[in-house]
Amino acid sequence: MFTRIDHVGIACRDLDAGVEFYRRTYGFEVTHTEINEEQGVREAMLRVNGTDDGGASYLQLLEPIRADSPVAKFLDRNGEGVHHIAFGTSDVAGAAEAVGAQGVRVLDAEPRAGSMDSRITFLHPKDCGGVLTELVQAPDSSG
Ligand code: CMX
Ligand code: CO
């Protein structure tokens, strides 16, 4: 059901500085940037491997655009660092239902819009060993 680590989400106070660190240190390049109003973030996707066809893995650098957003709250509490992990699946609704049936709280009743036209949903970190977990379906549904 889960096919890869789609991305690791990293909370940054300054997105441009974060991007520059990963470029300079590891050579990872930004393949996509967007503002996701619903999630309250400005973000950059840095591809680690593969191609942008639904099978790659990314770092997702996240800068809050609102003080009451999840990433702003996280930065206030913890400072910069790993915010969530995201697993790729070819069926995000089905995967969320299956995980939810095991007693894990699914935070979105319906999948929402994620990076690069994906569909996403989140699982509560308190039900996942302290790890905020995202499920991602790439737009071509290949997982
Ligand atoms: N990782 C692990 N634990 C986390 C966490 C995170 N990212 N965010 C919050 N928590 C923990 C807190 O430490 C806190 O624990 P304690 O009660 O032990 O102190 C608890 O969860 C509640 O934290 P809170 O700050 O009061 O936060 P809320 O309950 O208001 O919200 C959560 C927490 C997970 C429900 C909320 O952050 C959420 O809905 N997240 C999903 C959406 C999201 O994160 N979007 C941004 C990324 C967008 C993208 O990837 O595209
Ligand atoms: Co994410």
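K.L.:
Looking at this model, I keep getting lost on the side chain of Ser 69. Mind explaining?
P.N.:
With respect to the helices and strands, Ser 69 occurs in the loop between strand 4 (57-64) and helix 2 (70-78). Judged by relative accessible area, Ser 69 falls into the buried class, the value being 1%. Within polar-contact distance, the side chain of Ser 69 engages the backbone oxygen of Arg 66 at 2.7 Å.

K.L.:
Hey, could you run me through helix 3 (residues 92-100) in this one?
P.N.:
In an α-helix, one full turn covers 3.6 residues, which means residues spaced three or four apart are oriented alike. Listing the buried residues of helix 3 in full gives Val 92, Ala 95, Ala 96 and Val 99. The arc enclosing the buried residues of helix 3, seen along the axis, measures out at 100°, which places them on a common side. Packing partners of the buried residues in helix 3 comprise strand 1 (2-11), strand 5 (81-89), strand 7 (119-123) and strand 8 (133-137).

K.L.:
Help me out: how do you make sense of the coordination of the cobalt ion (ligand 2) in this one?
P.N.:
Ideal coordination angles are 109.5 degrees for a metal with four donors arranged tetrahedrally and 90 or 180 degrees for a metal with six donors arranged octahedrally. Only His 7 (NE2), Gln 60 (OE1), His 84 (NE2) and Glu 134 (OE) from the protein coordinate the cobalt ion (ligand 2), and they sit 2.0 to 2.1 Å from it. As a motif over one chain, the donors of the cobalt ion (ligand 2) read H-x52-Q-x23-H-x49-E. Separated by 53 residues along the polypeptide, His 7 in strand 1 and Gln 60 in strand 4 bring together distant segments of the chain. Residue His 7 is classed as buried on the basis of its relative accessible area, which comes to 2%.

K.L.:
Even after reading the chapter, I still don't get the pattern of salt bridges, so can you show me in this structure?
P.N.:
Pairing is possible between side chains that carry opposite charge, provided their charged atoms lie close to one another. With the rule as written, the count across this model stands at nine salt bridges. One salt bridge in this structure joins Glu 20 and Arg 23, with 3.0 Å as the shortest N-O distance. Within this pair, Glu 20 and its partner Arg 23 are both found in helix 1 (residues 15-26), separated by three residues, close to a single helical turn. Taking the shortest distance from any N to any O, the salt bridge between Glu 38 and Arg 112 comes out at 2.7 Å.

Calculation rules
Residues numbered from 1 in each chain as written. Chains lettered and ligands numbered in written order. Predicted model: local features only at pLDDT ≥ 70, side-chain atom pairs only at ≥ 80, totals over all residues. Heavy atoms only, no water. Helix = DSSP H or I, 4+ residues; strand = E, 2+ residues; numbered from the N terminus. Buried < 20%, exposed > 50% of the residue type's maximum accessible area, 1.4 Å probe, protein only. Polar contact = N/O pair within 3.5 Å; in protein donor to acceptor, adjacent residues only side chain to side chain. Arc of directions from axis to C-beta. Contact = heavy atoms within 4.5 Å. Donors = N, O, S within 2.8 Å, 3.2 Å for Na, K, Ca; no water. Salt bridge = Lys/Arg side-chain N within 4 Å of Asp/Glu carboxyl O.

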